[in-house]
Amino acid sequence: MPKQQANWSPYDNNGGTCVAIAGADYCVIAADTRMSTGYSILTRDYSKIIQLADKSVMASSGFQADVRALQKVLAARHLIYQHQHNKQMSCPAMAQLLSNTLYFKRFFPYYAFNVLGGLDSEGKGCVFTYDAVGSYERVGYSAQGSGATLITPFLDNQLKSPSPLLLPAKDAVTPLSEIEAIDLVKTCFASATERDIYTGDKVEMLVLNANGIRREVMELRKD
Amino acid sequence: MSRFEESAPARGGFSFDLCKRNEMLVQKGLKPSSYLKTGTTIVGLVFQDGVILGADTRATEGPIVADKNCEKIHYMAPNIYCCGAGTAADTEAVTDMVSSQLKLHRFHTGRESRVVTALTLLKSHLFSYQGHVSAALVLGGVDVTGPHLHTIYPHGSTDTLPFATMGSGSLAAMAIFESKYREGLTRDEGVKLVAEAICSGIFNDLGSGSNVDVCVITKGKREYLRNYMLPNPRTYVSEKGYSFSKKTEVLLTKITPLRELVEVIEGGDAMEE
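Along each chain, residue indices are assigned from 1 in the same order as the chain's sequence is written. Going through the entries in the order they are written, you letter the chains from A and number the ligands from 1. Confidence filtering applies because this is a predicted model: local features only for residues at pLDDT of at least 70, side-chain atom pairs given and counted only at 80 or more, and all residues used for totals across whole chains, interfaces and linings. Side-chain descriptors were evaluated using all non-hydrogen atoms of the structure, hydrogens and water having been removed beforehand.

Per an unreviewed UniProt entry, chain B goes by the name Proteasome subunit beta and belongs to Salvia divinorum. UniProt positions are given in the numbering used here, feature names are shortened, and annotations may be inferred rather than shown by experiment. Per UniProt, chain B has the following entry under Catalytic activity (unreviewed entry): "Cleavage of peptide bonds with very broad specificity."

In the annotation of an unreviewed UniProt entry, the entry for chain A reads Proteasome subunit beta, and the organism field reads Salvia divinorum. Per UniProt, chain A has the following entry under Subunit (unreviewed entry): "Component of the proteasome complex."

Written out as C-alpha cells, the structure reads:
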C-alpha cells in the first residue's frame, strides 16, 4: 500500500477583505461582512472587526475560528494589562502584543490576516499590518484578505508619493480629510466586490478620532 | 509477430493497452483528471408552448471575476439553443462546431434541425474525449416532434427532463424548480420561474453572479432576452471621481547628435558574393 498523505486540513478560508487608512488625526478601519466557505455563503452579516482597547481596533480576514480564538486571547491579555497598569493599552503596545501572540503559534499558526488601526499616544492615526505569523510594520494604509490584491494597487496610486526614490519618504499618515478617506474606502470595497467573489454583502467601517468611535455600514453587491 | 498484433485494436470495442501505463502513472503520483463544476448557474424548463432556457452572466478565473457580463446561452440552430457550463473555451468550441455541423445537415436534408440531432452530435464528441472536454450543457429547442430539453455531461451521458439545472449554482436553482415547477406553465409563469431560479444561483452561489439571460423557444419563434434582469447595480460611485496623474519624473536630459552626413563613395570595393 503506497504511503497515505493526510487529506484532512485543520484550516478553512472564510474569505473577506479588510482595509485600514491612517490620517493626521483619525483612523478608518473597514471590513466586509460576508463569511463564506468554498462556493457557498455561510452568512451575510458577520463582523470581522473588534475593538480591543479604546484606541485600538483590529480587523481580521482568513479562518474565522482562528480569528475568534485570537480575539479572545488578546481581549484577555488586555484585561490583565489594565489590572496590572491601571490604564488602557496604547495602540503601538497592542501592535507588539498581537505580533508576539501570533509568533507564539509559529508552528501551528492562526490562519488570520490582520490589520490593526487606531490612534497613537500623540493622537495621530496609525495602522499596523501583519502576516499570519506576526511579522508587522507600521504603515499609512493597508489591505488584507481575498480582495487585497485588487485594493492595494489602487491605494498605492491614490495615497503614495509619486516617486519614493527622489523625494524623501513622506509621513506615514495620509493628508486626506476624514470624509475623503471614507469615500476612498467605499470606492475600494464597491470595486473589489465587482471582481472578487468572496467580497460583498455589506461593508462595516469604524472611524476613530479624538471624539471617539463612529460606525458606518454600507450595502454592497450580494451576488 | 506479437508486436504487430498489439498495435491493432481488437475487432470493435475498447483497446485496454494503456491501462497498465495509466496505473503506473497513478502510482508514480499523477492525479487523474477530475470533473470540476465551475462557476455558473444554467437552467432549462419545458412549458406549454415550448422551452425556456436561463443563465447567469459571470465568468470566473478562480476567485476573480473575469467577465461580469458574458453570454452563456449559445445559438445552435434557429429553433435550438444551448446553455454551457464548465470551461468557457470548451463550451464555445463544442457549441460552435455542432452548430456548423447542423447547418450543413440542414442544407443536406432541406429540413429544420431536430434537437436529438444536436444531442447525438454533442454527446458523441464529448464521449470520444473521455471527459477532457469540460463542457456541461443544457440543450433545448422546439422541432417538428415537439419541445425537447436535455442535459449533457462532460463524459457524454445525457438526460431528457422537463426541467434541468447545471453548474456550481445548480443546487440553488434546482431547489427553486423542485418547489415551484408544474406541468403546463404559461410563458410568463415560465419566464418568471426561470428568472427566480437563476437569481437563486446568483445570490447563493459565489461562482455565479451579475445578470440573468433568458431565451424562450416556441414553435416557429425564439426570443433571446439578453440581460432580462439586472439585479446587481454597482452600489457606490464616488461623486467627485478620481484622478490618476502621470507619475513620471524627468531624471536626466541628454542629446547625442547622430552623424550629420553619410558619404556614399562611388566605385568602392565590390560586394563579396
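A. Focus on the pairing of strand 8 (residues 125-130) of chain A. Residue and element names in this part refer to chain A. Buried residues dominate strand 8, accounting for six of its six residues. Burial along strand 8 is two-sided: the residues Gly125, Val127 and Thr129 and Cys126, Phe128 and Tyr130 are all buried. A strand pair is defined by DSSP finding two or more bridges across the two strands. Runs of E in the DSSP output that reach at least two residues are strands. Runs of H or I that reach at least four are helices, and both are numbered from the N terminus. Relative to strand 8, strand 7 (residues 112-119) runs antiparallel, the two sharing five bridges. Bridge assignment links Leu119 to a residue of strand 8, and that residue is Gly125. Between the end of strand 7 and the start of strand 8, which pair antiparallel, lie five residues, with Gly123 showing a positive phi angle near 90 degrees. Buried means the residue's accessible area, taken with a 1.4 Å probe over protein chains only, is under 20% of the maximum for its type, while exposed means over 50%, and partly exposed covers the values in between.

B. Spotlight on the pairing of strand 10 (residues 141-145) of chain A. Residues and elements named next belong to chain A. With four of five residues buried, strand 10 lies mostly within the body of the structure. Examined bridge by bridge, strand 1 (residues 17-22) and strand 10 share five bridges and lie antiparallel to one another. Paired with Ala20 across the two strands is Ser142, which belongs to strand 10.

C. Looking closely at the sheet that holds strand 9 (residues 158-160) of chain B. Residues and elements named next belong to chain B. Taken in spatial order, the five strands line up as 5-6-7-8-9 in an open sheet, and their pairing is antiparallel. A strand with exactly one partner marks an edge of an open sheet, and here the two such strands are strand 5 (73-77) and strand 9. This sheet shows a mean twist of 20 degrees between the axes of neighbouring strands, independent of strand direction. Strand direction decides the pairing type here: strand 8 (residues 146-152) and strand 9, joined by three bridges, are antiparallel. The residue of strand 9 that forms the bridge with His150 is Thr160. Lines are fitted to the C-alpha atoms to define the axes, a helix being fitted only along its stretch in contact, and any angle between axes, read from their N-to-C directions, falls within 0 to 180 degrees.

D. Fine view of the interface of chain B and chain A. Residue contacts are defined here by distance: any two heavy atoms, one from each residue, within 4.5 Å place the two residues in contact. Each partner contributes residues to the interface: chain B has 34 residues there, and chain A has 33 residues. Accessible-area loss on putting two parts together, using a 1.4 Å probe and summing over both, is the definition of buried area adopted here. At the boundary of chain B with chain A, total buried surface from both sides reaches about 2900 Å², with 54% on carbon and sulfur atoms. Counted as salt bridges are all cases of a side-chain nitrogen of Lys or Arg within 4 Å of a carboxyl oxygen of Asp or Glu. For the pair chain B and chain A, the interface holds two salt bridges. Measuring nitrogen to oxygen at the nearest pair gives 3.2 Å for the salt bridge that ties Arg58(B) to Asp223(A). The term polar contact refers here to a pair of N or O atoms within 3.5 Å; inside protein, the definition further demands a hydrogen-donor-capable atom paired with an acceptor-capable atom, and it admits residues adjacent in sequence only when both atoms are side-chain atoms. One can count 18 residue pairs in polar contact (both at pLDDT 80 or more) joining chain B with chain A. Every element with two or more residues in the side of chain B that touches chain A is listed here: strand 4 (64-67) and helix 6 (187-204) of chain B. It is strand 4 of chain B that contributes the most residues to the side of chain B that touches chain A, four residues altogether. Residue type decides the class: Asp, Glu, Lys and Arg count as charged, Ala, Val, Leu, Ile, Met, Phe, Trp, Tyr, Cys and Pro as nonpolar, and the leftover types, Gly among them, as polar. Per-class residue counts for the side of chain B that touches chain A are twelve nonpolar, 13 polar and nine charged.

E. Focus on helix 3 (residues 148-159) of chain A. The terminal C-alpha atoms of helix 3 of chain A, which comprises twelve residues, lie 15 Å apart, in line with the 16 Å expected from a rise of 1.5 Å per residue. Looking at the packing, one finds that the buried side of helix 3 of chain A touches strand 1, strand 10 and helix 4 (178-195) of chain A. Multiply 1.5 Å by the residue count of a helix minus one, and that product is the helix's expected span.

F. Quick peek at the UniProt feature "active site" (unreviewed entry) in chain B. Residue and element names in this part refer to chain B. Summarizing the sequence annotation, UniProt attributes the feature "active site" (unreviewed entry) to Thr40 in the numbering used throughout. Looking at the secondary structure, you find Thr40 in the loop between helix 2 (19-27) and strand 1 (42-47). According to the relative accessible area criterion, Thr40 is buried, its value standing at 4%. With sequence-adjacent residues up to four places away left out, Thr40 is seen in contact with Asp56, Lys72, Gly84, Ala85, Met166, Gly167, Ser168, Gly169, Asp205, Gly207 and Ser208.

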